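Each chain, letter by letter, is given below.
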Amino acid sequence: MSSQSLIGAGLQLTRIASTTESIPTNPRHWAIESYIPILTTELIEALLARKDCPDEAKERLRDVFSAMSDLLHQRGRRLHTGFTGQYAEIDPDRDTMPMTLPPLPGQGVEDAVRIAELSRQVLTDAGYSEVDRAELEKAVEFASEWGVPLHVDFEVFDLLMVYARGDITGMRKARRWRKLFRQIDVDVPLYQRVVVFFKLREGIKTDDQLEHSKLHLRMFKNIPKMDIDMLLPGTRIRVSWLDHSRYIVPSLGGIGMTLYKIIRAALFVAVITYSVAAMLLGLTLAIIGYLIRSVMNYIQTRNRYMLSLTRSLYYQKLDTNAGVAYRLLHEAEAQRHREVMLAYYALLSSETPISLRRLRRRVQRIIRETASAEVDYRASEAIKTLESWNLIERDSIGLLKTYAPNEAMRRIDACWDTKLNA
């Protein structure tokens, strides 16, 4: 199977039943990001299938790629161990007994900030970009037709970080009156992955009783950009003017019509029985009844919004707390593995030493040919990693070249010997 048929499936749609979305394999809009949207195993097969890959080097090259993965996994284990130890104190899902004294006032904030800073690098390595406060506030002002309008108070957070990846255009089903309310496909700008880090201020109460002393992590998939505020805690449903009119206008009309009928009947009764009290009682009961009906309509509208919000987040939540961190560590490791493999292959398949700028363009061309995707390739980060393994050689004018697979394996083995003897 060719690399194109293996990875780039044209415009074939992948149906996601849980969120009624269609995500094109090659979306019409895909923002240029550092994330390489190719499965590592498929990338290896695609590189080995390229015409510029010598047949005699394929099996040995596969060994080099595998050895690179082992080295990165060893580094990832250290990050995993370090994170586990630091996050345990402020993990909302911790199920072990603490062996240390209770934290001092303000210590929870310091721990959260320290872990958040550690996580920023992992998120960047995994190809995520930070969603700034301005974009979050813009999302609060609007809601897509699949989202829920909300009020968000950003002052409830001691710490709030939102990162996203995969800025693409997906499709969802919608009904339009111009199409006689038939279902049609509508383009929806969305993020394929969103990660939220937050810590609440002391004294803040939320509907789900989140602890203010803990650092909460959330990961979601396929979130419309206009609905990213739905992922934040401490929000309040904002009932639109249209929904207000749906229960206020009929109620006012009903009250008016009923008052007219009651007044007419009460006047007739009062003329006969001289009972003004009966007329007033009837008016009062009618007004109270319609007020209760209006309140019940408001509660039903609010509950409908809450159901929509809960259902959406249920299907789109991928993980929480420590599970998010472990996912990110794995994604960062896989992303760096793809970066160094591409850098090594690009240098190996080049007939002459090349500059960092030319290496970047060469790798971007390989990705474009392999997966029909444009990527902001981080060449300098990949070269730093390869240099730490002693796989890069610079000539007299600073141009880059690497070693053949056999020599590369020897140098990687030397890296392992250095680690074991350290």
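Preceding this section is the structure that the text describes.
Because the structure is a prediction, the values reported are computed rather than measured.

**Student:** So what exactly am I meant to see when it comes to the packing of helix α8 (residues 322-348) against helix α10 (residues 379-388) here?
**Tutor:** In a packed pair of helices, the relevant descriptors are the angle between the two axes and the axis-to-axis distance. Where α8 contacts α10, the two axes come as close as 9 Å, and the packing angle between them is 80°. Judged by the angle between their axes, α8 and α10 are roughly perpendicular. Listed contacts from α10 to Arg336, Glu339, Val340, Ala343, Tyr344 and Leu347 of α8 are Glu381, Ala382, Ile383, Thr385 and Leu386. Split into classes, the residues belonging to the contact of α8 with α10 amount to 7 nonpolar, 1 polar and 3 charged.

**Student:** Would you take a moment to explain helix α9 (residues 356-371) for this structure?
**Tutor:** Given 3.6 residues per turn, any residue in an α-helix points the same way as the ones three and four places further on. The end-to-end C-alpha distance of α9 is 22 Å, a good match for the 22 Å that 16 residues give at a rise of 1.5 Å each. Within the span of α9, buried status applies to Leu359, Arg362, Val363, Gln364, Ile366, Ile367, Thr370 and Ala371. Trailing α9 by a residue or two, Ser372 shows a phi angle of about 55°, which is positive.

**Student:** It is not clear to me how the pairing of strand β7 (residues 216-224) should be interpreted in this structure. Could you clarify?
**Tutor:** Regular strands show a simple pattern: their side chains alternate between the two faces of the sheet. Burial within β7 is extensive, with 9 of its 9 residues counted as buried. By the bridge criterion, 8 bridges tie strand β6 (residues 183-200) to β7 in an arrangement that is antiparallel. When the bridges of β7 are listed, Val195 appears paired with Met219. In terms of strand pairing, β7 meets strand β9 (residues 317-320) through 3 bridges, oriented antiparallel. Of the residues in β9, the one forming a bridge with Arg218 is Thr320.

Quick notes on the rules
Residues numbered from 1 in each chain as written. Predicted model: local features only at pLDDT ≥ 70, side-chain atom pairs only at ≥ 80, totals over all residues. Heavy atoms only, no water. Axes fitted to C-alpha atoms, helices over the stretch in contact; angles between N-to-C directions. Helix = DSSP H or I, 4+ residues; strand = E, 2+ residues; numbered from the N terminus. Parallel < 35°, antiparallel > 145°, perpendicular 65-115°, else oblique. Contact = heavy atoms within 4.5 Å. Nonpolar A, V, L, I, M, F, W, Y, C, P; charged D, E, K, R; others polar. Expected span 1.5 Å × (residues − 1). Buried < 20%, exposed > 50% of the residue type's maximum accessible area, 1.4 Å probe, protein only. Pairing = 2+ DSSP bridges.

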